[in-house]
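A look at the structure
Residue strings, one per chain:
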Amino acid sequence: MFLSNRWRWSAAAALPVVLLWPAGAFAAEPTPGSSQGGSPGPSAPAGYKVGTELPQRITVNRKSGNTSLTATVRNDGASGTDGVTMDVVGFKGLRVKSVEGCSAIPSGELPPGANSGFACPVGKLAAGAHRTYRVTADFDLAETGQICLPVTLSGTKTLVWQQGPVHFGTTDSSADAPDTPLLLGTKNVPSGAASSPAASPSASPSASPSAAPSASGPYGSPSGSPPGKDVVPSHPAPATSDDPGELARTGGPSDLPAAGAVGAALLAAGGTGLWLAARRQGRR
């Protein structure tokens, strides 16, 4: 009888651990890319199907404003391209600090309203291939912020594709979490400002008139050698228009573990009750 009761107590004590395990077992998954806010250039050569992608969600450190993301250029066409250049340009509260393998665009060559930019000499892209560039940036949560990815034929001003300027933002940056999630295609509500239906993720992802490039090309064509190698994707590229979906919550990430801890305490208490009841029955 004693061994049986002891086994029951051990099983009851172990049950909360089993229930809590899935909460910490979820591995972080890469944020999917999106071509939201992108469209082919008016002078793109026939048969060219070049596009770009930005992550649907990024996070910004509330204290430092630091953030990072990946900018991807891809070739969805049936044949390879000539050399192309992709620029990564920041507007308003989003300032691009560096892009791996790319060179800074001189301030005099930036488009109107831009505060920073880098030129990435992609070179030729094989059919179905893509290249990804690591971007580090600052985002001022007290402002709105946009990013733009124009792609031109190298050595020319012929615009092949342009994504943006498109917003990154949240409608609620007032939470106390150390990192604030921002969604692509959502106009940021500056921290401290009241959230309202007018500030919902309905901002147009298309380029603003003041920053939209002309058919002759947006920002010039800085030269350089292409970094990295072509990467052939194993899955079809996403559509060029995506719904940003439900805004990610900015609450503390400890909500789920806290709920699990409460459940563990209740289950542990229940297990202790069963053990005591068994002991009393044994004494009788």
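**Some remarks on the overall build of the chain**
- The helix and strand inventory of the chain stands at two helices and 13 strands.
- Taken across its 284 residues, the chain has 40% of its residues classed as buried.
- Accessible surface, the chain: about 15,000 Å² in total, of which carbon and sulfur atoms supply 57%.

**Description of the pairing of strand β11 (residues 145-153)**
- The buried fraction of β11 amounts to nine of the nine residues, a majority that puts the element mostly inside the structure.
- Sheet topology places strand β6 (residues 84-92) next to β11; seven bridges connect them, and they run antiparallel. Bridging from a neighbouring strand, Phe91 pairs with Gln146 of β11.
- With seven bridges connecting them, β11 and strand β12 (residues 159-169) associate as antiparallel partners. Bridged to Val151 within β12 is Trp161.
- Where β11 hands over to β12, the hairpin turn is made up of five residues, of which Gly155 adopts a positive phi near 80°.

**Observations concerning the pattern of salt bridges**
- With the rule as written, the count across this model stands at three salt bridges.
- Across the pair Arg74 and Asp76 runs a salt bridge, and its minimum N-O distance is 2.6 Å.
- Taking relative accessible area as the criterion, Asp76 reaches 38% and is therefore assigned partly exposed.
- Its salt-bridge partner being Lys97, residue Asp138 comes within 3.5 Å of it at the nearest N-O pair. Placement of Asp138 in strand β10 (residues 130-139) and of Lys97 in strand β7 (residues 94-99) is noted, with a sequence separation of 41 residues between them.

**Here we look at the sheet that holds strand β3 (residues 50-55)**
- Taken together, five strands build an open sheet; the order of strands is β1-β3-β5-β10-β7 and the sheet is antiparallel. The open sheet terminates on both sides in strands that have one partner only, identified here as β1 (33-34) and β7.
- Two elements, strand β5 (residues 66-75) and β10, share nine bridges in a ladder whose sense is antiparallel. Residue Ala71 lies in a different strand from β10, and its bridge partner there is Tyr133.

**Considering the state of the cysteines**
- Under the defined criterion, the tally for this structure stands at one disulfide.
- For Cys102, the disulfide goes to Cys120, at an S-S distance of 2.0 Å. On the sign convention where negative is left-handed, the bridge of Cys102 and Cys120, at about 110° about the S-S bond, is right-handed. Here Cys102, found in the loop between β7 and β8 (103-104), pairs with Cys120, found in strand β9 (residues 114-123); they are 18 residues apart in sequence, far enough to count as distant. A single burial state applies to Cys102 and to Cys120, both of which are buried.

**Here's the deal with the confidence of the model for the chain**
- With 56% of its residues at a pLDDT of at least 70, the chain reaches an overall mean of 72.
- In this model residues 271-280 is a low-confidence stretch, pLDDT under 50, and it forms seven contacts with partners more than four residues away in sequence or in other chains.

**Overview of unusual backbone geometry**
- With omega at 0°, the peptide bond leading from Gly164 into Pro165 counts as cis.
- With a phi angle near 55°, Lys92 is a residue other than glycine that sits in the positive phi range.
- On the secondary structure map, Lys92 appears in strand β6.

**Points about the environment of Leu125**
- Checked against the element boundaries, Leu125 lands in the loop between β9 and β10.
- Along the backbone, Leu125 and Gly80 are 45 residues apart, and their C-alpha atoms lie at a distance of 5.5 Å.

**As for the side chain of Asn115**
- Residue placement: Asn115 occurs in strand β9.
- In this structure Asn115 comes out as buried when scored by relative accessible area, which is 19%.
- Of the polar contacts made by the side chain of Asn115, one reaches the side chain of Ser116; its length is 2.7 Å.
- Beyond its immediate chain neighbours, meaning those up to four positions away, Asn115 contacts Gly90, Phe91, Lys92, Leu94, Arg95, Val96 and Leu110.

**Some points on the environment of Val73**
- Within the secondary structure, Val73 is located in strand β5.
- Looking at Val73, the relative accessible area reads 0%, which means it is buried.
- Remark: the alpha-carbon pair of Val73 and Leu54, spanning 19 residues in sequence, is separated by 9.4 Å.
- Those residues within four positions of Val73 in sequence are excluded, and the remaining contacts are Val50, Gly51, Thr52, Met86, Val122, Leu125, Ala129, His130, Arg131, Tyr133 and Val151.

Thresholds, definitions, all that
- Residues numbered from 1 in each chain as written.
- Predicted model: local features only at pLDDT ≥ 70, side-chain atom pairs only at ≥ 80, totals over all residues.
- Heavy atoms only, no water.
- Helix = DSSP H or I, 4+ residues; strand = E, 2+ residues; numbered from the N terminus.
- Buried < 20%, exposed > 50% of the residue type's maximum accessible area, 1.4 Å probe, protein only.
- Areas by Shrake-Rupley, 256 points an atom, 1.4 Å probe, with all protein chains shown as cover.
- Pairing = 2+ DSSP bridges.
- Salt bridge = Lys/Arg side-chain N within 4 Å of Asp/Glu carboxyl O.
- Disulfide = S-S within 2.5 Å.
- pLDDT = per-residue confidence, 0-100.
- Contact = heavy atoms within 4.5 Å.
- Polar contact = N/O pair within 3.5 Å; in protein donor to acceptor, adjacent residues only side chain to side chain.

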